[in-house]
Amino acid sequence: MSEFLLEMRGVCKSFPGVKALDHVQLQLRPGSVHALMGENGAGKSTLMKCMFGIYTMDEGEIYIDGTKTQIHDPMDALKKGIAMVHQELQPIPARTIGENIFLGRYPMKKALGFIPVVDHKKMYEDTAELLKKVRMDFDPRQKLGELSVSQMQSVEIAKAVSANCRVLILDEPTSSLTQNEVEALFRIIDDLKKDGVAIVYISHKMDEILRIADDVTIMRDGQYIGTWPASEMTTESIITKMVGRELTNLYPKRENKPAEVVFEVENFSSINPKSFRNVSFNLRKGEILGVGGLVGAQRTELMEGLFGTRSHTTGTIRYKGKDMKINRPKDAIDQGVAMLTEDRRGSGILGVLSVADNISVSSLNKYLDFGIMLNSRKIDALVDENVQKMNIKTPSGKTQIQSLSGGNQQKVLVGRWLANDPDVLILDEPTRGIDVGAKYEIYCIIADLAAQGKSIIMISSEMSELIGMSDRIMVMCDGRVTGFLEGEEATQENIMSLATQFE
Amino acid sequence: MQKTKKSPIEAIVGYIKANPIVVLLVLAAVIVGITKEKFFSWGNLNNLVSNTAVRFLIALGVSGCLITKGTDLSAGRQVGLAACITGILVQRADYASRRFANLPEFNMWVALLIVIALGALFGFVNGTIITRLHVPPFITTLGTQTIVYGICLVLTDAQPIGGFNNQYIKRVTGRIGDVKSFYIPYLFFVALFFGLLFWFLYNKTRHGKYMYAIGGNENAAEVSGVNTAWTLTKIYMLAGVMYAVAGYLLAAKAGGASSGLGSGYELEAIAGCTIGGVSTTGGIGTVGGVLVGVLVFELLKIVLQFLGVNPYYNFIVQGLVIVVAVALDIRKYIAKK
């Protein structure tokens, strides 16, 4: 009997042109949390997909309880006690919680003694039971689509638990959770640990790793770097091993002081009474205004309202004393406002199009000859300029943007907005899902823009990022602005207390 | 930035891998051409060119809808309606059984402008329903397909329209050169003109870039300041114009029009686009690809004809080609797993 519940040895996996995994190993002890760390593209998700049977390994072995085994597909993995909560959830929003949890293995009964039908009563009773186990208090018959992303995540975990899993893979489970929800998740993880479940935990958040992990395995560029007890690790040592070099500064030094007020929002309210309401704030030239709050604080909705993707009822927006009328994104763009959206894949990149098309799409008016014909030389110049200035790693401007890493995609999108030379730049979670090295580069770009006199609004759910980057922090709770913090006052505690000022 | 240069052989191998169905069909044509005489004749080639030209125009129209993840099922019926309206307008004043005896005989160019305007109008209706009422394109155009067919039946009273103005027929079906030696039908130049126009539109204008952007990610396009509703509406209007031109040409080519004309052309056009690499998942497709797709589909028809295959089997073969082409196309995207 091996001391490991599950062991992977010498795993290799190649995709056309890339060696995603190169002789990687992983050893999971029962009743432990094993953090799997590495920059984006290091191969963490690929390794997990091999374990879960979504990918077939080119080379390598998997042992469960010391016995060599093979995992052919996700169904097979579930049978062998391995469950996975995906980075991108794949639920069916139009169906109930119960149906989602028991999808594909509905409890059956015989109607009239011989017609097999789904036993709804049993299904919902079992669902209620499971939800209790993950400390979630929902109606099992509620439509999944009515839940928030974090609640859906809990349902996914309940689903994994319901499969009586012995190994649970959590791929960035907290990326969309609030602090309270993270705590709830940690309690569930503790419960599972006590039951002897081995948990693979993928996350970029150091504080979480140091808190809950027992072991840490670090990968870099598809290579196995090593495994250490979490108690021996620090944030610095993990980052150093992940990026393979020392990172001295987490945030760039800010070189400018905000000047006069240029952008004013007054009494701005959504048409939805539950969304943002009576919001007033101002923004100075060259200022970075951080926007903090819990998920559900309506920060994104407020910014979408300002940018014209959402409707508002009352309120005025003024730029340099002049009223702005914004009813759709085009209005905002024409008046010098830009917005980098939170959901890079959903409303940011044009996946199948080239880097050049992605950079130029919102400023095409600038590259016209004779008022009609696009001048590809001007577009190429724009691409070259951005590639150099922001150090975008791409084989060429013709490369499909979806083949770039998250950080490089984000730089392309920043380039798209800068091409319009906006005065006010709204950045919604600009570093979400971006690895540590690229994060710093994005921070430098943001600080540089502020120094050039652009006014920046930055939504972030990462406290340290908010505090490290902002001149001033506006905190929201439940659709209202609950306060502003500046200088010494800008601490995690103060932000949290403002963010939880529910009425 | 570095550019990787491919050797010609690599490029050819790459093309074969990327477009197996095209290569296969061209190969079939070559084999048939070698074994059957008259296949490589000037007459047969021109037959192919004329057939392809009209189908190409319809496919160009549909391509914009497909690239933006939509579709246009009303294409075929719009072609039919345009043909019938053209027929009614250019019926000779002295023709005995004119559909509307009191209607004057229109100049052929005026007739063209009228059907183009009507095509744009139908496209505008399609686009408006899709973008303002948010009815999915499949359903919208399924509805308008039926409506357009109904209008056509009412207008023609389900009777064939004939007795066209001779000048109209001669101009459209005319050719440059001598029938006995070297000649090129005017239709070739029409197709060439529109092909170049669409190439320019798709590659060199904002409209084209916006179209690909919407196909790539409509939300992102909207957020980037693209007026997605109006761009889509323009795409459907332009499609309507193309169907109108195709109908106009088709009526002259056939020497008559009836309400049944154009039935099923939308499916051929969609098939041609798909074989030519217009992706069903949006954002991808080129004018050259559309041309190849349509050409190959027409080639297939002629090959089957030369092989003496019972025409009833044609549909089965064509259907298979469509499914296989799309299956192969999709493989490119799922092969990454």
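The paragraphs below set out a description of the structure included in this document.

Conventions used here
- Residues numbered from 1 in each chain as written.
- Chains lettered and ligands numbered in written order.
- Predicted model: local features only at pLDDT ≥ 70, side-chain atom pairs only at ≥ 80, totals over all residues.
- Heavy atoms only, no water.
- Helix = DSSP H or I, 4+ residues; strand = E, 2+ residues; numbered from the N terminus.
- Rg over C-alpha atoms; globule rule 2.2 N^0.38 Å.
- Contact = heavy atoms within 4.5 Å.
- Lys, Arg positive; Asp, Glu negative; His and termini not counted.
- Charge placed at Lys NZ, Arg CZ, Asp CG, Glu CD.
- Pairing = 2+ DSSP bridges.
- Axes fitted to C-alpha atoms, helices over the stretch in contact; angles between N-to-C directions.
- Core = buried A, V, L, I, M, F, W, Y, C linked by side-chain atoms within 4.5 Å.
- Buried < 20%, exposed > 50% of the residue type's maximum accessible area, 1.4 Å probe, protein only.
- Patch = residues over 30% accessible without salt bridge, like charges linked within 9 Å, V, L, I, M, F, W, Y side chains within 5 Å.
- Areas by Shrake-Rupley, 256 points an atom, 1.4 Å probe, with all protein chains shown as cover.
- Salt bridge = Lys/Arg side-chain N within 4 Å of Asp/Glu carboxyl O.
- Buried area = accessible area lost by both parts, 1.4 Å probe.
- Polar contact = N/O pair within 3.5 Å; in protein donor to acceptor, adjacent residues only side chain to side chain.
- Nonpolar A, V, L, I, M, F, W, Y, C, P; charged D, E, K, R; others polar.

**Brief notes about the overall build of chain B**
Next, step 1: When its secondary structure is counted, chain B shows 14 helices and two strands.
Next, step 2: Computed over C-alpha atoms, the radius of gyration of chain B comes to 21 Å, within 12% of the 20 Å expected from 2.2 N^0.38 for 337 residues, which places it in the range of a compact globule.
Next, step 3: Dimensions along the principal axes, computed over C-alpha positions, put chain B at roughly 70 × 55 × 35 Å.
Next, step 4: A sequence separation of at least 24 residues applies to 75% of the contacts in chain B between residues at least 6 apart.
Next, step 5: Looking at chain B, you have 27 positive and 13 negative side-chain charges, and the mean spots of the two groups are 7 Å apart.

**Quick notes on the sheet that holds strand S22 (residues 455-459) of chain A**
Residues and elements named next belong to chain A.
Next, step 1: Strand order in the open sheet formed by six strands is S18-S21-S22-S15-S23-S24, and the pairing between neighbours is mixed. Only two strands of the sheet have a single partner each, and these edge strands are strand S18 (337-340) and strand S24 (480-486). Strand-to-strand, the axes of this sheet are offset by a mean angle of 20 degrees, without reference to chain direction.
Next, step 2: In this structure, S18 lies alongside strand S21 (residues 424-428), joined through four bridges in parallel fashion. Of the residues in S21, the one forming a bridge with Ala 338 is Leu 425.
Next, step 3: The strands touched by helix H14 (residues 406-418) within the sheet are S18 and S21, with S18 carrying the most contacts at an inclination of about 170 degrees.

**Digging into the nonpolar core**
Next, step 1: One finds Phe 263, Phe 281, Leu 302, Met 303 and Ile 456 of chain A together with Tyr 168 and Tyr 248 of chain B to be the most contacted residues of the largest nonpolar core, which totals 146 residues.
Next, step 2: Ranked by residue count, the leading element in this core is helix H11 (residues 228-254) of chain B, at 15 residues.
Next, step 3: In contact with Ile 456 of chain A, not counting residues within four places along its chain, are Leu 283, Glu 287, Ile 288, Leu 289, Leu 425, Leu 427, Ile 446, Leu 449 and Ala 450 of chain A.

**Looking at a nonpolar patch on the surface**
Residue and element names in this part refer to chain B.
Next, step 1: Among the surface-exposed residues, Ile 176, Tyr 186, Phe 188, Phe 189, Leu 192 and Leu 196 lie close enough to one another that they form a single nonpolar patch of about 520 Å² accessible area.
Next, step 2: For the nonpolar patch, the element with the most residues is helix H8 (residues 186-204), which contributes five residues.
Next, step 3: Secondary-structure assignment places Leu 192 in helix H8.

**A closer look at the interface of chain A and chain B**
Accessible area lost upon the coming together of the parts is a frequently used measure of interface size.
Next, step 1: Facing 41 residues of chain A, the contacting portion of chain B comprises 27 residues.
Next, step 2: Between chain A and chain B, the buried area comes to about 2,600 Å², and carbon and sulfur atoms account for 62% of it.
Next, step 3: Where chain A packs against chain B, one counts two salt bridges.
Next, step 4: The salt bridge partner of Lys 209 of chain B is Asp 357 of chain A, with a shortest N-O separation of 2.9 Å.
Next, step 5: Linking chain A with chain B are nine residue pairs in polar contact (both at pLDDT 80 or more).
Next, step 6: Mapped by element, the contributors of at least two residues to the side of chain A that touches chain B are helix H10 (329-334), helix H11 (344-347), strand S20 (373-374), helix H13 (376-389) and H14 of chain A.
Next, step 7: Partitioned by chemical class, the residues of the side of chain A that touches chain B number 19 nonpolar, 15 polar and seven charged.

**Looking at the pairing of strand S4 (residues 59-64) of chain A**
All names here are of chain A.
Next, step 1: Two strands pair when backbone bridges link them, and strand S1 (residues 6-15) and S4 are joined in this way by five bridges, in the antiparallel orientation. By the bridge assignment for S4, Glu 7 is matched with Tyr 63.
Next, step 2: Relative to strand S5 (residues 67-69), S4 runs antiparallel, the two sharing three bridges. Opposite Ile 62, over in S5, you have Thr 69 as the bridge partner.

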